[in-house]
Amino acid sequence: MKKLLILFSLVIISITIMAQTKLTGVVYDSEKLPLIGASIRISGTSEGTVADMDGKFSFETDLTKGRLQISFIGFQSIEREFDGSQDYTIYLAQETTSLNDVVVIGYGSSRKSDLTGSVASVSNMDQISSRPITSAQEFLQGNLAGVTVQQQGGDPASTPTITIRGMGSVNTESPLWVVDGMPYYGGTLNPNDIESITVLKDAASAAIYGAQASSGVIVVTTKSGKAGKLSVAVDVFAGVQQADNLPVPLTAEEQNWAYNTAADNSGAARDPARDVSLNPWGGVNRTNWIDEIFRKASVYNANVGLSGGGEKGIYSASFSYQKKQGLLINTSSERIGLRVKSQYNLSDKMRVGQNLYVLNEEAIGTNNTSSYSGTIINAMYMPSAAPVYDGEGNFHGVAPKGSDYAGSYGDVYNPVALLKRPATSNPVTYIDANAYIEFDFIKDFKFRSSLMLSLKDSEYKKFTPKIPESGRPSEMNYLNQSWSKRNKWIWDNQVSYSKTINNHHLDFTGVYSAQYTKYEYNLVNAQDFAREENWYHYLENAGSVNSYSSDAYEDALNSMIGRFRYNYNDKYFLMGSIRRDQTSRLSSKNNSDLFPSASVAWKMSSESFMQELNWIHSMKLRASWGQIGNIQSVSYYAYNVPMSSQRPTLGEGDAQKVSGYYVKQQSNPNLKWETSESFDVGLDLSLFKGSLEITSDYFVKNTNDMIMTNAADSHLGVNDGPTSNVGTVENKGFEFSALYKGNIGSLKYSVNGNFSTTKNNLKDLDGYTSSYIYHNNNVRSTLYPYRSEPGQELYSYYLISSDGIFKTQTEIDNYTGSNGQLIQPNAKPGDLKFIDSNKDGEISNEDRTYKGNAFPDFTYAFNFSAEYKNFDLALTFQGVSGVKLFNAYKFTAYNAAQQGYNLDGRVLDAWSAGNINSDIPMLRVDDPNSNFGTNSDWYLEGGSYLRLKNLTIGYNVPALLLNRICQGSSLRVYFSAENLFTITDYTGLDPEVGGIGLDLGTYPVAKTYSLGLSFKF
């Protein structure tokens, strides 16, 4: 028996030994130097090892067959099959660095190492499908130096704004989007469709796109098919969003205390509504209105992509669906998209292709820009004693029906009713189609003709029922309905010539481009509907049509473009272009102009004296200059403004409305192009065999002949003056970005950081009818904090300085002018102290000084990604510095001298004799010192922040397991968190206010947690 056991054990051991496969070898580079730390792994498993100090490796596996993956950072990975034990000698070729990547630029492409202008490409495009984002704009935030992306709060109906190298005008600015070689004017791009994103930042790079490109160009290439069998990619994620740092309104008891205290501090009689013996209803806490309007919101996204091709052609298609709830109840966005893209080779010299994108999207948001009707601010105003609904299930007002105290709570909307009561629809359909033919008609010559058609059809319908409850009641219902249609076509014809003669490489491009746009808009406002059910919301059922209006225009732009590129021996590079634009928006004597650009580069690393510095892989100096005309800021008929119409009621008794026409604005036949002119000098470095890449730029960008509307000639009786060329705006700054890739054994990682500085300056207002620009942005028609004046930044804060709060009467008495008079005679302890800047002994608008603006002086970001075996990790930090925000929320939320609104819970810490270090003025029912009514820097707060923009953790399911289900498939599952935390001193809801920094209770950016998967087969 003992012998049998020994024999049986020996058999088992021998079988085990026989089952072990031993894999050994050595890994070299092309010069037969050992690659220490090279990764050797069996495909689809976590089995493997790393090369030792001599480049050697050895390990055993239970598998008898498989594929061996050998990789090392900076070198091309390879695979080798094994069938049983094997010994290898592996040579890895140096990987082509990103400097050799082909970058898509205007009407062509270029190696990254050959660029002469300031062009930046997004390096982490593989992460775009793993983040719970709704647009490419969101993904760009923090990814590129000099490209500032501002979320406009978290409203699902809002779109982030992109500013490239500073604000150049008071007019609306936005970069030109170019998708697959053609300007794009459609809806939101599906992030899963995007292959690459390149940004043309300087005028020399963007000049080839002319009058549409003064604010920069974002070039997008969508995914194309590849020759081979059909490939299917399924990307799905689902997540939950929530708001953070929400304000806390006073409870009913606290609200009564606050207003009683305010009355006592003012020496006024207490409001009977705050006496629970007279108004017991007002002393019972029933509702936290902030909690009632905010929710945990869901987001869903699904994308299916197909691609493939054969010898003659390739194809790809995608279908996408996204549904996103807003953080506020009854707000949402929904998007359905379809893209079909293909290319077919008619012969070895002729190709045709098409790209069709159909999109339907609908976004329902809410108003948060008004301190009267904004949803969030009304949630702060609404008394906590009021329930959401009354006993009959109707929306409750600020007080019960028939209450004598409704007027004590102010003209407040029930915020839940603001969100739920209106019936709103806002569908928009986009169709963007692009077809082209490309022909190599002579050796080294290529002709391409592209035709793009862009259609947009939008409808808006909002029915607002009557408001019977107390607060801001309305006995009338309304229907606002509008329709708009925009049709646009662009036809580009391009001839290219490319030739290499010995060490000389020449490239010529000539383009003729024509585009035409036709637009029509109609709006009807109707009222007095007998019923309010959804089926009755039609114009025919209105008691009367309150008003109607329409708008229409036609717009044309013709352009001729020439560009020359020259490269001598991969050392010296030259590019020049000239573009002639002709527009229908200007008079015939000014409607065309020439816009030149030039750029040069010297690749020093190609010089013989640099060859011994083998740690420098590439080093290039470049400089560029260019001009671009700006047509975006010119209204369609500014040189010859059409007459306006109105239908006034004439007569008595049988009075009737009669159409009449009048001149509303002066025309300006002398209006000419606004021009953007920029100079850029940059350095591109690639070090340590491409492991470290550094790019830095210094730029100066001037907007000349800025277009604005002048004041009207008072002798003409016209409302608005002519649109004119009136000034110059300068932006200058520095940009820096660095990318490092490395590995530690099986751990691969990359670190990417960037920062940029921008200084904005309104240099002059020559030709303007005032010495400064008065901005009408305001808070309840009381605070007007903005003004632009030469020598200052655009949209500068123009405010009176404050110096804390008076703690004693002695401080007030000692604060006197030169003749001994009190500077603030109405002040009491607990009031703000204002600085008499002009020393005239009083506080007035003459004491206002400039306090900077809301645009960051410094933007920065940090990205880290890593892969270890089947796991991956990505982190994105993004921040801004030097931002100042006008927290106008405090005007009503901290102010007891309004209409009895509920207040922010922070007023419990307002100044009092026992709390003299507070920065909130003493509560009063009057405001004789004008603490809140003064345009002062008390409202101004630092808006700098650092935000963990994204955290993603992923896992790739082993191929061996997947191959049992679907041969050749891959599956990645991941967890992603967006806006995970924010470090800021700003006391508002969110420091990413957007716009010009006026915060009236901004919709906060959502914190999002999501789970997703990417399945390919």
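What you see is a predicted model; the values in this text were computed from it and never measured.

## Description of the overall build of the protein
Next, step 1: For the protein, the count of helices and strands is ten helices and 53 strands.
Next, step 2: By the compact-globule yardstick of 31 Å for 1017 residues, the protein fits well, its C-alpha radius of gyration being 33 Å.
Next, step 3: Taken over the C-alpha atoms alone, the protein extends approximately 105 × 95 × 70 Å along its principal axes.
Next, step 4: Looking at the protein as a whole, 51% of its 1017 residues are labelled buried.
Next, step 5: Sequence-distant contacts, at least 24 apart, represent 70% of the contacts inside the protein between residues at least 6 apart.
Next, step 6: Here the protein has roughly 45,100 Å² of accessible surface; of this, 54% comes from carbon and sulfur atoms.
Next, step 7: Charged side chains of the protein number 87 positive and 104 negative; the gap between the two group centres comes to 7 Å.

## Remarks on the pattern of salt bridges
Next, step 1: Within this structure, the stated rule accounts for 40 salt bridges.
Next, step 2: For Glu-735, the salt bridge is made with Lys-201, and the minimal N-O distance between the two is 2.8 Å. With Glu-735 in strand β37 (residues 723-744) and Lys-201 in the loop between β15 (194-200) and α3 (203-206), this pair connects stretches of sequence that are 534 residues apart. Lys-201 carries the same exposure label as Glu-735, and that label is buried.
Next, step 3: Where Glu-533 meets Arg-531, a salt bridge forms, and the shortest distance between an N and an O atom there is 2.9 Å.
Next, step 4: Through salt bridges with shared partners, one network takes in Arg-165, Lys-201, Lys-620, Arg-622, Asp-680, Asp-684, Asp-697 and Glu-735.

## With respect to the sheet that holds strand β6 (residues 78-83)
Next, step 1: Overall, antiparallel pairing links the four strands, which are arranged β3-β2-β5-β6 in an open sheet. Pairing within the sheet leaves two strands with one partner each, and these edge strands are β3 (48-50) and β6. Pairs of neighbouring strands in the sheet enclose a mean axial angle of 20 degrees, with direction left out of account.
Next, step 2: Of the pairings in the sheet, the one linking strand β2 (residues 39-42) to β3 comprises three bridges and is antiparallel in character. Residue Arg-41 lies in a different strand from β3, and its bridge partner there is Gly-48.

## Side note on a nonpolar patch on the surface
Next, step 1: On the surface, a cluster of nonpolar side chains totalling about 750 Å² of accessible area is made up of Leu-230, Val-304, Leu-306, Tyr-315, Phe-319, Ile-336, Leu-338, Val-340, Leu-356 and Ile-431.
Next, step 2: Put simply, the parts of the chain that give the nonpolar patch at least two residues each are β18 (297-309), β19 (313-325) and β20 (332-345).
Next, step 3: No other element matches the three residues that β20 contributes to the nonpolar patch.
Next, step 4: Within the element layout of this structure, Phe-319 appears in strand β19.
Next, step 5: By relative accessible area, Phe-319 is classed as partly exposed at 42%.

Calculation criteria
Residues numbered from 1 in each chain as written. Predicted model: local features only at pLDDT ≥ 70, side-chain atom pairs only at ≥ 80, totals over all residues. Heavy atoms only, no water. Helix = DSSP H or I, 4+ residues; strand = E, 2+ residues; numbered from the N terminus. Rg over C-alpha atoms; globule rule 2.2 N^0.38 Å. Buried < 20%, exposed > 50% of the residue type's maximum accessible area, 1.4 Å probe, protein only. Contact = heavy atoms within 4.5 Å. Areas by Shrake-Rupley, 256 points an atom, 1.4 Å probe, with all protein chains shown as cover. Lys, Arg positive; Asp, Glu negative; His and termini not counted. Charge placed at Lys NZ, Arg CZ, Asp CG, Glu CD. Salt bridge = Lys/Arg side-chain N within 4 Å of Asp/Glu carboxyl O. Pairing = 2+ DSSP bridges. Axes fitted to C-alpha atoms, helices over the stretch in contact; angles between N-to-C directions. Patch = residues over 30% accessible without salt bridge, like charges linked within 9 Å, V, L, I, M, F, W, Y side chains within 5 Å.

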